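Architecture at a glance
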Amino acid sequence: MLVRLLLILMAIFMVSIESSMATLHRVGAKQGWNPNVNYSEWSDHERFYVGDWLLFNFDKRYFNVLEVNETSYDNCNDQGFLKNITRGGRDVIELTEARPYYFLSSGGYCYHGMKVAINVEVPQAAPAPAPAPVKNGSPPSNAISILLFLISIAVAYIY
């Protein structure tokens, strides 16, 4: 029972570390998903990685979000879209692949600037630093401290 609890706690810890690396990008920042916003300028200041999320904030009575191919994006063509992201006006999509993504709003709003193209990349792994020499009495890292804390709880529970 205790081992199972410890394994669950360690799994939660590992998932929280991994999920904390994803970024939620608010499309258009404070302006949201609306006409006459320069989404090319907005996307030029962002870096998109696999696992990140896009958040589209808009009035669903007037606008929508469609994922389209590059040709449809270039021509503001909303026919034959790949995916309708629209759900309720605060809609999210996870960027699951390293590739270009193209989004637009139908009903002619694309011609008023409601389109955005982004390029999603695979996160670059940081080079591993050389291991530091271990000194007697040096404090352990945060991850090791948490793991030691969880083990001490388990041991205390057994005895």
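Reference entry: report on the structure contained in this document. (Residues numbered from 1 in each chain as written. Predicted model: local features only at pLDDT ≥ 70, side-chain atom pairs only at ≥ 80, totals over all residues. Heavy atoms only, no water.)

Before going further, it helps to examine the nonpolar core. Formed by 20 residues in total, the largest nonpolar core has its most connected members in Val27, Trp33, Leu54, Phe56, Phe103, Val116 and Ile118. Of all the secondary-structure elements, those providing two or more residues to this core are helix H2 (39-44), strand E3 (53-57), strand E7 (100-104) and strand E8 (115-121). Ranked by the residues each element gives to this core, the list is headed by E8, at 3 residues. Counting 7 residues, the second-largest nonpolar core is a separate cluster that includes Leu66, Val68, Leu104 and Cys110. (Core = buried A, V, L, I, M, F, W, Y, C linked by side-chain atoms within 4.5 Å. Buried < 20%, exposed > 50% of the residue type's maximum accessible area, 1.4 Å probe, protein only. Helix = DSSP H or I, 4+ residues; strand = E, 2+ residues; numbered from the N terminus.)

With the rule as written, the count across this model stands at 8 aromatic pairs. Ring plane angle 55° and centroid distance 5.8 Å describe the contact between Trp42 and Phe48, whose orientation is recorded as tilted. With respect to burial, Trp42 and Phe48 carry one shared label: buried. Aromatic side chains Tyr101 and Phe103 sit 6.2 Å apart centroid to centroid with 10° between the ring planes, which places their arrangement in the stacked category. In this pair, the class of Tyr101 matches that of Phe103, namely buried. Three or more aromatic residues link up through ring pairs in this structure, and these residues are Trp33, Tyr39, Phe56, Tyr101 and Phe103. (Phe/Tyr/Trp six-rings, centres within 6.5 Å; stacked < 30°, edge-to-face > 60°.)

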